[in-house]
Amino acid sequence: MPRPGLAPVESHVETACPLDCPDGCTLHVTLKGGRIVKIDGSQENEITRGYICAKVRTFHHRIYGDDRLLYPAIRKGPKGAGSFKRASWDDALSLIASKMQEIADRDGAEAILPVCYGGSNGMLTQDTTDATLFRRLGASRLLRTVCAAPTGAANQGLYGKMPSVSYQDYPEAQLIVIWGVNPATSGIHIMPFLKEARDRGAKVVVLDPRGTTIARQADLFLQLRPGTDLVVALALHRHLFEGGHTNGQFLAEHTTGAEQLREKALPWTLERAADVSGVPLQQLRLFADLYARSSPALVKCGWGLERNRNGGSAAAAIMALPAVGGKFGVRGGGYSMSNSTAWNIDRSWIRDQEPATRAVNMNKLGRALTGELEGSPINCVFVYNCNPAVTMPDQTRVLKGLDREDLFTVVFDQVLTDTAMYADVVLPATTFMEHYDFVKSYGPITLQLAKPVIDQVGESRPNTDVFADLLRRMNLDRPGDAESELEAMLTILAALPEPHGTELRDTGTATAPFGGRPVQFVDVLPRTPDQKVHLFPEALDQEAPLGLYGFQPDPATDGYPLALISPASERTVSSTLGELPRPAIMVEVHPDDASARQIEDGDTVRMFNEQGEVRLAARVTPLVRRGTVSMPKGVWRRHMANGLTSNALAPDTLTDLGGGACFNDTRVQIEKC
Ligand SMILES: Nc1nc2c(c(=O)[nH]1)N[C@H]1C(S)=C(S)[C@@H](COP(=O)(O)OP(=O)(O)OC[C@H]3O[C@@H](n4cnc5c(=O)[nH]c(N)nc54)[C@H](O)[C@@H]3O)O[C@H]1N2
Ligand SMILES: Nc1nc2c(c(=O)[nH]1)N[C@H]1C(S)=C(S)[C@@H](COP(=O)(O)OP(=O)(O)OC[C@H]3O[C@@H](n4cnc5c(=O)[nH]c(N)nc54)[C@H](O)[C@@H]3O)O[C@H]1N2
Ligand SMILES: [Mo]
């Protein structure tokens, strides 16, 4: 509210968006009378270019919305009912500190599990004072595997996470392969660079089970079965090796394991790959020829292809293509994956070593909470930067676990999420418009300071501050600890490699290494110990159930023949912003699959498997592959007739590498209600 006597003036502030998206936009925020009235893209950032996505444009509706948490609260009704009574911060934090102490004394500190993923958090709001608290306590550790674990394991194993081709260099490519990623939704600032590339004559190939916007515009669209990317990539490798399209000198000087990869690829003829992937042979041939003879050729490897049993090997085989095909060493050639490690930041500001306590894979959270995993029970969860009730696999199990009367649950969030409904204590968090953060993009290479543009709404507080407070209350604080948000921020700035720290502090932006446009094998080499590409890393071969590049067949059964995939939607960032109104959630079904089941467009269907069922309307569309159905991720329980989302049908099995989530291995049947 404007202060009495002062006319509300309009002002503008620039800040950065930390939400989980590769782009890392610079925002131009308009304020009136101390309130945000408009959020737009800044002209100052060469990637943001003055526009932003429709989601972040509405972020002030979250900040001031009905679901916003304004003060701490303590449960007063039954578990999960979402009835709370208001409490002071002092009472809420005292209760949390004494309960956690009691549980640690009685059951051992490993009975406490912090649950956070932090995809929408920068370097200040996760892994600072929170890490100090849980490490000093000796709590169980959460393996943050729900996203990017298989692609990360592959990128690490093959290249030591070498910086990759950034958006600005897409127009330099002659061929761009968009593999298992849907940037028109999930990272929109790549689109003008793609358009420029096409205008300059580049060909675009898309591999996706859905006819996304970008797939429909592509020169070649391979509408493959979910989970079959590995065999398509191996068939390409076979084509490169057998057709003499490799660069022998590059392979000899810069790689290891080429022969082992060749052997794994040998059985995968284009014919066999066509059969398994469901892509017409003719199209696969065109793709293989195009890739073999184009340069600069760029493969953009996304995350949609990782969310299945073969995800790690698929990502490895895809990222291996430029090494085998000799595509490195030219601007616009190579591969593009997460660029979050381009800054070489080691998080040395976390003062305590990670203890060797029990590790819990977050994709198995349901089993961890219901006591189905080995080890002592978990009797306390502290959830922050995460909404596991709707984002983890096997939702019914997660909810059953959260429903345990004897599980002491703290949820620290900005809004009353589906997870917060199960809390014993709810704590209100600030948003990135009310606190500081360091925002590192993972598509382009940028590092920016997000700063508060408004006062903290209600009694909300930033993570750094609340965890520092808990450290003191649990007598775990030590001299030299950061005691507030500002101190935590200064600690990080001092620990950042120079000149990044000084630049960030003084200007809010750090100058990107390599001018933000590294050319692979010119400016940057693999960060493996020998600086070579490891095309067949021993460790990955040992980890994968059938060895690296071993293909595991489709998990479909006669009873559950349809593959359910759940990609990112334009409406939410994971489940963030899901509290805002949205059109009815629908499942996309191919006309052939619909007519075989007498389903018509708009009919309500029951979609089910052995884990459970959901009910929703069907949208009959040829854009989704025959045999595949699709509904968005990030859906809240309130959007579904029976309060369960696609996550209730998703198995908690793990990917071949990295212990990742297998959301797209969900197999279902549908029928008309
Ligand atoms: N608007 C919006 N943007 C987001 C997010 C969001 O929720 N909303 N989430 C953010 C996060 S957390 C992430 S991880 C990224 C993810 O960004 P993307 O990599 O784009 O991930 P998805 O949307 O999961 O899947 C991308 C595409 O893969 C397809 N796909 C599914 N299974 C397969 C398969 O087996 N093989 C192949 N080749 N394709 C497959 C899907 O149909 C989809 O079109 O986006 C980020 N950006
Ligand atoms: N079915 C299906 N499910 C999926 C996926 C899929 O493909 N299919 N994809 C998965 C992927 S890629 C991802 S990354 C995960 C993400 O899953 P989650 O990690 O659960 O991400 P969000 O749903 O965005 O929840 C983040 C929460 O943190 C809160 N938050 C944000 N900033 C702060 C802060 O500073 N302090 C505090 N205390 N809280 C904060 C937000 O309000 C929000 O409620 O979802 C996964 N879920
Ligand atoms: Mo993600």
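Residues numbered from 1 in each chain as written. Chains lettered and ligands numbered in written order. Predicted model: local features only at pLDDT ≥ 70, side-chain atom pairs only at ≥ 80, totals over all residues. Heavy atoms only, no water.

Before going further, it helps to examine the environment of Ala-315. Structurally, the position occupied by Ala-315 is in helix α14 (residues 311–324). As for Ala-315 and Ala-153, which are separated by 162 residues in sequence, their C-alpha atoms are 9.0 Å apart. Residue contacts for Ala-315: discarding those within four places in its chain leaves Thr-151, Ala-154, Cys-301 and Leu-305. (Helix = DSSP H or I, 4+ residues; strand = E, 2+ residues; numbered from the N terminus. Contact = heavy atoms within 4.5 Å.)

A word on the site of ligand 2. Surrounding ligand 2, one finds 29 residues, the nearest of these being Asn-387, Asp-413, Asn-463, Ser-575 and Thr-576. At 3.3 Å from a nitrogen atom of ligand 2 is found a side-chain nitrogen or oxygen belonging to Ser-646. Here ligand 2 loses 97% of its free accessible area of 930 Å² to cover by the protein chains. Its residues assigned to classes, the shell around ligand 2 comprises nine nonpolar, 15 polar and five charged. Residues lining the shell around ligand 2 come from more than one domain, with at least three contributed by each of domain 1 (73–146 + 344–434 + 459–499) and domain 3 (562–672). (Near = heavy atom within 4 Å. Polar contact = N/O pair within 3.5 Å; in protein donor to acceptor, adjacent residues only side chain to side chain. Areas by Shrake-Rupley, 256 points an atom, 1.4 Å probe, with all protein chains shown as cover. Nonpolar A, V, L, I, M, F, W, Y, C, P; charged D, E, K, R; others polar. Domains from an automatic or database assignment.)

This paragraph deals with the sheet that holds strand β3 (residues 35–41). The strand order across the open sheet formed by three strands is β1-β2-β3, and the pairing between neighbours is antiparallel. Each having just a single partner strand, β1 (10–16) and β3 make up the two edges of the open sheet. Pairwise comparison of adjacent strand axes, ignoring direction, gives a mean angle of 25 degrees for this sheet. (Pairing = 2+ DSSP bridges. Axes fitted to C-alpha atoms, helices over the stretch in contact; angles between N-to-C directions.)

Attention now goes to the sheet that holds strand β4 (residues 73–75). In spatial order, the strands read β5-β4-β17-β16-β15-β6; together these six strands make up an open sheet with mixed pairing. The open sheet has two edge strands with one neighbour each: β5 (84–86) and β6 (112–115). Across the sheet, the axes of successive neighbouring strands diverge by a mean angle of 20 degrees, strand direction being ignored. Pairing of β6 with strand β15 (residues 380–384) involves four bridges; the strand directions are parallel. From the neighbouring strand, Pro-114 faces β15, where its bridge partner is Phe-382. Of the strands in this sheet, β15, β16 (408–413) and β17 (425–428) touch helix α18 (residues 463–473), which is tilted by about 155 degrees from β15.

Bringing the packing of aromatic side chains into the picture now. Enumeration over the complete set of coordinates arrives at 21 aromatic pairs. Aromatic side chains Phe-250 and Phe-328 sit 5.9 Å apart centroid to centroid with 35 degrees between the ring planes, which places their arrangement in the tilted category. Remark: Phe-328 occurs in the loop between α14 and β13 (334–336) and Phe-250 occurs in helix α10 (residues 248–254); sequence separation between them is 78 residues. An identical accessibility class is assigned to Phe-250 and Phe-328; each is buried. On the basis of an interplanar angle of 75 degrees and a centroid distance of 4.9 Å, the ring pair of Phe-250 and Phe-521 is categorised as edge-to-face. Pair noted here: Phe-250 is in helix α10 and Phe-521 is in the loop between α20 (500–507) and β20 (533–534), with a separation of 271 residues, a long-range link. (Phe/Tyr/Trp six-rings, centres within 6.5 Å; stacked < 30°, edge-to-face > 60°. Buried < 20%, exposed > 50% of the residue type's maximum accessible area, 1.4 Å probe, protein only.)

Glancing now at the packing of helix α4 (residues 129–137) against α18. Between α4 and α18, the shortest axis-to-axis distance is 8 Å and the interhelical angle comes to 30 degrees. Taken together, α4 and α18 sit at an angle that is classed as roughly parallel. At the point where α4 passes α18, the crossing takes the left-handed sense. Contacts from Thr-129, Asp-130, Thr-132, Leu-133, Phe-134 and Arg-136 in α4 reach Asn-463, Thr-464, Phe-467, Ala-468, Leu-470 and Leu-471 in α18. (Parallel < 35°, antiparallel > 145°, perpendicular 65-115°, else oblique. Left-handed = near helix turned anticlockwise from the far one by under 90°.)

Our focus in this paragraph is the site of ligand 1. Among the 35 residues in the neighbourhood of ligand 1, the closest are listed as Ser-186, Asp-208, Arg-210, Asp-229 and Thr-572. In this structure, Thr-185 approaches ligand 1 through a main-chain N or O atom, which is 3.1 Å from a nitrogen atom. Asn-664 places a polar side-chain atom, nitrogen or oxygen, 3.1 Å from a nitrogen atom of ligand 1. In the complex, the protein chains occlude 99% of the 910 Å² of accessible area that ligand 1 would expose alone.

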